[in-house]
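The primary structure of each chain is shown beneath.
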Amino acid sequence: MSMFKSMWGNGMFLLALTLLGSPVASAQDAAVNGSSAKSIAESLQYTSVFKNYQPYSEEEIIPWKQANATVQKIGGWKAYAKEAAQADTAPTSEGHSRNHHEGVK
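Bear in mind that the values here come from a model prediction, so they are computed numbers and not experimental data.

Rules and cut-offs
- Residues numbered from 1 in each chain as written.
- Predicted model: local features only at pLDDT ≥ 70, side-chain atom pairs only at ≥ 80, totals over all residues.
- Heavy atoms only, no water.
- Helix = DSSP H or I, 4+ residues; strand = E, 2+ residues; numbered from the N terminus.
- Buried < 20%, exposed > 50% of the residue type's maximum accessible area, 1.4 Å probe, protein only.
- Areas by Shrake-Rupley, 256 points an atom, 1.4 Å probe, with all protein chains shown as cover.
- Phe/Tyr/Trp six-rings, centres within 6.5 Å; stacked < 30°, edge-to-face > 60°.
- Patch = residues over 30% accessible without salt bridge, like charges linked within 9 Å, V, L, I, M, F, W, Y side chains within 5 Å.
- Salt bridge = Lys/Arg side-chain N within 4 Å of Asp/Glu carboxyl O.
- pLDDT = per-residue confidence, 0-100.

(A) View of the overall build of the chain. Counting its regular elements, the chain contains 4 helices and 0 strands. Secondary structure elements of the chain occur, N-terminal to C-terminal, as α-α-α-α. Every one of the 105 residues in the chain was classed for burial, and the buried ones make up 2%. Put simply, the chain shows about 10,600 Å² of open surface, and 61% of that area lies on carbon and sulfur atoms.

Written as structure tokens, this is what we have:
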């Protein structure tokens, strides 16, 4: 029995909300007249998301022996480790950690 009372109450609430919401929507339509709608439309500018699009281009493929020789020439895996360590010590934005998995200290 109490379930039906709560359903009845919810139904009445939705009916009241619908009836009261109609004048609000009408008032909003009246507030946006022709001149204000025109000024709003003039202030908006459309910029395509594809404006600065650069299509995919394949990198030159080099033989693996040449790639290994290049890595050896620059210092091997240690050069890559040094680059990664330098990137880790770069200052981060204030109040924002690089790792979101750090616990609360």
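Next comes the rest of the account.
(B) Inspection of the packing of aromatic side chains at higher detail. In this structure the tally under the stated criterion is 1 aromatic pair. On the basis of an interplanar angle of 85 degrees and a centroid distance of 6.4 Å, the ring pair of phenylalanine 50 and tyrosine 53 is categorised as edge-to-face. We classify tyrosine 53 as exposed; its relative accessible area is 56%.

(C) Expanded view of a nonpolar patch on the surface. Taken together, the side chains of Met12, Leu15 and Leu19 make up a nonpolar region of the molecular surface, amounting to roughly 300 Å² of accessible area. With respect to the helices and strands, the residue leucine 19 is situated in helix H1 (residues 2-31).

(D) Quick peek at the confidence of the model for the chain. Taken residue by residue, the chain gives an average pLDDT of 75. The fraction at 70 or more is 60%. Of all helices and strands in the chain, the one with the weakest mean pLDDT is H1 (63), whereas helix H3 (residues 64-74) scores best (93).

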